[in-house]
Amino acid sequence: FAAGGGSGNDTPTCANGKVYDKTTKKCVSKSSLNDQESIFEAGRALAYAGEFDAAIELLSRAPDKRDERVLNMLGYSHRKLGMIDEGIAYYKHSIAIAPQYALVREYYGEALLQKGDLAGAHNQLQAIRSICEGENCESYQMLLAAIESHGGSKAPPRRVW
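Residues numbered from 1 in each chain as written. Predicted model: local features only at pLDDT ≥ 70, side-chain atom pairs only at ≥ 80, totals over all residues. Heavy atoms only, no water.

Asker: Give a description of the confidence of the model for the chain that names residues and reports values.
Answerer: Detailed reading of the predicted coordinates is not advisable wherever pLDDT falls low. Across the chain, the average pLDDT comes to 87, with 88% of residues at or above 70. Predicted confidence is poor over residues 1–8, with pLDDT under 50, and the contacts of this stretch with residues over four places away or in other chains come to 17 contacts. Confidence over residues 157–161 falls short of pLDDT 50; this stretch has one contact with residues more than four positions distant or in other chains. (pLDDT = per-residue confidence, 0-100. Contact = heavy atoms within 4.5 Å.)

Structural data, given as C-alpha cells:
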C-alpha cells in the first residue's frame, strides 16, 4: 500500500477495495471494521482518495454518531459529490458538538463559497482565526486561499452606512 495524502493524513491506502485497520495495522475488508477510530481513519482515507460513496458508506457505520470528525468527513464526502446542502447539514452538526474544531469550519467555509455565500465564508475564516489564535494554522490558510481564489479579499467587505 502507498501513503495516503491530504490534511496531515498518514493512513496508508490499500488495494482491491480494502481499507487500513489502524488497530491491526493491516489492510482489511471494510465490513470487518467495527471500532470508531478504525472506521474514522479508513473513512477519511477513502474520502481523501476521492472515493466519496465508499467513505459515506463506511463512516455511516461509526458507532459514535456524535463524533465531530466523522460528521465532518461525512460533510466533506457529500459536498464533494455535489450534495452541498447535505454536507452543510453535517458540518453544522459537527460545529454544534465541537465549535472549536477548525477543520470543520474550513470545510464549511468552502461549502459556503460553493453556494456563493462569501460573507458566510468570511465568518468561518474569522472563527478559525479565533480558534487558532491568529492566522498561522493550516485551516485558516486553506480557507483564506479558497476565498481569495473565489474573488474575495482577505478582509470581509465593510458596510457603508
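Asker: Lay out the state of the cysteines with the relevant residues and their values.
Answerer: As enumerated under the stated definition, the model contains two disulfides in all. Each sulfur of the disulfide joining C14 and C27 lies 2.1 Å from the other. With the S-S bond torsion at -80°, the cross-link from C14 to C27 turns out left-handed. In this pair, C14 sits in the segment before β1 (19–21) while C27 sits in strand β2 (residues 26–28), placing the two residues 13 residues apart along the sequence. On the basis of relative accessible area, C14 is assigned to the buried category, the value being 19%. For C27, a relative accessible area of 25% corresponds to the partly exposed category. Here C132 pairs with C137 through a disulfide, and the sulfurs are 2.1 Å apart. Classification of the bridge connecting C132 and C137 rests on its S-S torsion, roughly 75°, and on that basis the disulfide is right-handed. Residue classification places C137 among the buried residues on the basis of a relative accessible area of 16%. (Disulfide = S-S within 2.5 Å. Helix = DSSP H or I, 4+ residues; strand = E, 2+ residues; numbered from the N terminus. Buried < 20%, exposed > 50% of the residue type's maximum accessible area, 1.4 Å probe, protein only.)

Asker: Could you give me a rundown of helix α6 (residues 118–132), with the residues and numbers involved?
Answerer: End to end, α6 covers 21 Å across 15 residues, agreeing with the expected 21 Å (1.5 Å per residue, within 8%). Burial in α6 covers these residues: G120, A121, H122, Q124, L125, A127 and I128. Those residues of α6 that are buried are in contact with α4 (84–97), α5 (102–114) and α7 (138–149). (Expected span 1.5 Å × (residues − 1).)

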